[in-house]
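For reference, the chains in residue letters:
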Amino acid sequence: MPTTLSQSDLPGLELIHRGKVRDVYALPGNRLLMVATDRLSAFDVVLPDPIPGKGEMLTQISNFWFAKTAHIIPNHLTGEDVASVLPKGVDPALYAKRAVITKRLKPVPVEAIARGYLIGSGWKDYQATGALCGITLPPGLRQAEKLPEPIFTPSTKAAVGDHDENVSFDAVVAAVGEDLAEAVRKATLDIYTFAAAYAAERGIIVADTKFEFGTDENGVLHIMDEMLTPDSSRFWPADEYAVGISPPSYDKQFVRDYLERIGWNKTPPAPKVPKDVIDGTAAKYAEALDKLAGIRLD
């Protein structure tokens, strides 16, 4: 059965970051131990109720995609056994499927987003301006409509409790330089194009997804953190897709839609989430993991 972990506790290891979902510890040799908890964030606010097994599912689907896309870009995984670095007395079963040992990279300070469909904040920006991140789109597009081609729509990296903001490609160039900005854009669109085609063969539309990148000591770009998970992507069942609505999804849109219905103002503290929404969200994540990667955490 999947484990449940709201917050990691690893005495003797240096906790260097506790994010919305992941707890990150320093390891010798310029490495990190990254633990995916069962915390769930929506609208950049961490909800009070965990989704049992979510961290395991996120880690397993990320590892699947890291392996699938290694021909496109290197990733942060070292492949080492997590149990080898856990403190004495810690149950390795709790961390075996939800933690990874990674290279310690220099993060590129941008959320790298690929969009193939017009939904979410992109749809709202388009309605207001007819453009998205400085990219003018054709007039008359409808909610959830497929874009003429995938686009790179970066955003700022917000602190816990703050909201990411869409920015132009020029803003990315100003932040990291033209060469790195171009490399991030190319990698983002290459990965999205590959993954969207792979998922389509399995009946899933990848509407959009968010990547994080870092560079190693030689300046080589790597993909890191998580990859094509239900937390970082919108996955739609192809047989239920329709233009003009927010389609059913295999991701946390299930929770977002609930929070929109109850009229939450999207500022902390977040409201408690009913058990049926928690169970439904866990089931959506598990279905995506099974359909995309053929992995079941029974």
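Here's what I pulled together on the structure shown here. Positions within a chain are numbered from 1, following the residues in the order the chain's sequence is written. For a predicted model such as this one, the threshold for reporting local features is a pLDDT of at least 70, and the threshold for listing and counting side-chain atom pairs is 80 or more; totals across whole chains, interfaces and linings nevertheless cover every residue. Calculated side-chain values reflect all of the structure's heavy atoms, with hydrogen atoms and water omitted.

Turning next to the pairing of strand 2 (residues 22-27). In regular strands, side chains alternate between the two faces of the sheet. Partly exposed describes any residue whose relative accessible area lies between the buried limit of under 20% and the exposed limit of over 50%, with all areas from a 1.4 Å probe on protein chains only and scaled to the type maximum. Secondary structure elements follow DSSP: runs of H or I no shorter than four residues count as helices, runs of E no shorter than two count as strands, and numbering proceeds from the N terminus. For strand 2, the buried fraction is high: 6 of the 6 residues fall into the buried class. Neither face of strand 2 is left uncovered, since the one carrying Arg22, Val24 and Ala26 and the one carrying Asp23, Tyr25 and Leu27 both have all their residues buried. As judged from the 4 bridges shared by strand 1 (residues 14-18) and strand 2, these two strands associate in the antiparallel manner. When the sheet's bridge partners are listed, Arg18 is paired in strand 2 with Asp23. As consecutive antiparallel partners, strand 1 and strand 2 are separated by 3 residues. Here strand 2 pairs with strand 3 (residues 31-36) via 6 bridges, running antiparallel. Looking at the pairing, Asp23 lines up with Val35 of strand 3. Strands were regarded as paired on the criterion that DSSP finds at least two bridges between them. Taking the residues that link successive antiparallel strands as the turn, the strand 2-strand 3 hairpin has 3 residues, and the phi of Gly29 there is positive, at about 75 degrees.

This brings us to the nonpolar core. Here, the term nonpolar core denotes a set of buried Ala, Val, Leu, Ile, Met, Phe, Trp, Tyr and Cys residues that are joined through side-chain atoms within 4.5 Å. Grouped together as the largest cluster of nonpolar side chains are 62 residues, with contacts concentrated most on Trp65 and Phe213. In terms of residues, this core owes the most to one element, helix 5 (residues 178-200), which gives 9 residues. Should any heavy atoms of two residues lie within 4.5 Å, those residues are considered in contact. Not counting the four nearest positions on each side in its chain, Trp65 is found in contact with Ala195, Tyr198, Met227, Leu228 and Leu292.

The terminal C-alpha atoms of helix 1 (residues 54-68) lie 21 Å apart, and with 15 residues this matches the ideal 21 Å at 1.5 Å per residue to within 8%. Within helix 1, 12 of the 15 residues are buried, leaving the element largely enclosed by the surrounding structure. Residues of helix 1 that are buried: Lys54, Gly55, Glu56, Met57, Leu58, Thr59, Gln60, Ile61, Ser62, Phe64, Trp65 and Phe66. In this fold, the buried residues of helix 1 make contact with strand 2, strand 3, strand 6 (99-103), helix 5, strand 13 (221-224) and helix 7 (275-293). To estimate the expected span of a helix, subtract one from its residue number and multiply by 1.5 Å.

Of all 6 residues in strand 3, 6 are buried; the element is thus mostly enclosed. On strand 3, burial covers both faces: Arg31, Leu33 and Val35 on one face and Leu32, Met34 and Ala36 on the other are all buried. Alignment of strand 3 against strand 6, held across 5 bridges, turns out to be antiparallel. Looking at the pairing, Met34 lines up with Val100 of strand 6.

This part is about the side chain of Lys54. Here Lys54 shows up in helix 1. What makes Lys54 buried here is its relative accessible area of 0%. For Lys54, the contacting residues outside a window of four places in its chain are Val21, Thr37, Asp38, Arg39, Leu40, Asp231 and Tyr285.

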